[in-house]
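Summary of structural features
Listed below, chain by chain, are the residues.
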Amino acid sequence: MFFGKTKQTRQSDRIPPNQNVTTKFPVLHAGNVPYYEDMSKWNLQVYGLVDRPMLLSFEDIKAFPKAELKNDIHCVTGWSRLDNVWQGIRAKDIAEKAGVHEEAGFVILHAEEGWTANLPLSDFTRETSLLAYAHNGEPLTPEHGYPLRGVFPHLYFWKSAKWLRGIQFTKENHPGFWEKNGYHMRGDPWKNQRFTWD
Ligand SMILES: Nc1nc2c(c(=O)[nH]1)N[C@H]1C(S)=C(S)[C@@H](COP(=O)(O)O)O[C@H]1N2
Ligand SMILES: [Mo]
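Keep in mind it's a predicted model, so treat the numbers as computed, not measured. (Residues numbered from 1 in each chain as written. Chains lettered and ligands numbered in written order. Predicted model: local features only at pLDDT ≥ 70, side-chain atom pairs only at ≥ 80, totals over all residues. Heavy atoms only, no water.)

What about the pattern of salt bridges?
Any two side chains of opposite charge can pair, on the condition that their charged atoms come close. In plain terms, the rule: We count a salt bridge whenever a side-chain nitrogen from Lys or Arg sits within 4 Å of a carboxyl oxygen from Asp or Glu. The numbering of helices and of strands both runs from the N terminus, where a helix is a DSSP run of H or I of at least 4 residues and a strand a run of E of at least 2. Only protein chains enter the area calculation, which uses a 1.4 Å probe; residues under 20% of their type maximum are buried, those over 50% are exposed, and those in between are partly exposed.
This structure, assessed with the given rule, holds 11 salt bridges. For Glu127, the salt bridge goes to Arg90, with nearest N and O atoms at 3.2 Å. A residue pair is termed long-range when its members are at least 10 positions apart, and Glu127 in the loop between helix H3 (121-124) and strand S10 (130-135) and Arg90 in strand S7 (residues 79-90) qualify at 37 residues. You can call Glu127 partly exposed: its relative accessible area is 46%. A salt bridge links Lys159 to Glu179, with the nearest nitrogen and oxygen atoms 2.7 Å apart. A residue pair is termed long-range when its members are at least 10 positions apart, and Lys159 in the loop between strand S12 (149-151) and strand S13 (164-170) and Glu179 in the segment after S13 qualify at 20 residues. Because the salt bridges share partners, they merge into one network encompassing Arg90, Lys92, Asp93 and Glu127.

What follows is the structure, given as structure tokens:
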């Protein structure tokens, strides 16, 4: 059915296969939620195949151009949450500032407690890929990744590392925490790439 000139986007066109919409914001992770008492001790290490390795404070992060993006998130366990507004900085701005080498093809995201996730560099540097410090106008809560998390909405949400502390650029694709445990190296929800063999 058409209404005037613009075609209506049906909700089902927004939901990848085998996903169900929730209006809640589930909390999902392995390990413990970190609580930071002194943010002056927090930093983000950017390293690997780069011209300029960086150790960024939270203030350094805030000094990058601000980005605000609205997107849908899709967890591999089957829930999707629509219309999330994230405030943060573009992941590609970090890559540019660090000067990523040509032979780098992949990124390892390092979170607290040694948790990692891997993704192709081309997914990291997308216009829609963020390092976010706020959700729907409020600073991230500790459970949702305070102070800084990745947001890669075009991949399953497990790639969106909470409590980010390091970004490493690599030549080869090294499996992260869930990827070592049978989850997909890329994780595109539209292709239903849940497990290694999908
Ligand atoms: N550091 C860290 N980040 C993580 C995880 C984790 O276990 N540790 N789990 C991932 C998974 S599986 C999901 S679905 C989302 C959940 O984010 P939320 O708790 O903000 O909804 O965080 C992702 N980021
Ligand atoms: Mo997840």
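Notes on the nonpolar core
Applied cut-off: Think of a nonpolar core as a cluster: buried Ala, Val, Leu, Ile, Met, Phe, Trp, Tyr and Cys residues, connected wherever their side-chain atoms sit within 4.5 Å. Note on definitions: a residue-residue contact is assigned when non-hydrogen atoms from the two residues lie within 4.5 Å.
Leu44, Ile94, Phe124, Ile167 and Phe169 are the most contacted members of the largest nonpolar core, which totals 33 residues. Broken down by element, this core gets its largest block of residues, 4 residues, from helix H2 (residues 91-98). Contact partners of Phe169, with chain neighbours within four places excluded, come to Val46, Tyr47, Gly48, Leu49, Val50, Ala95, Val100, Ala104, Phe106, Val107, Leu121 and Phe124. Grouped together as the second largest cluster of nonpolar side chains are 12 residues, Phe25, Leu69, Cys75 and Trp79 included.

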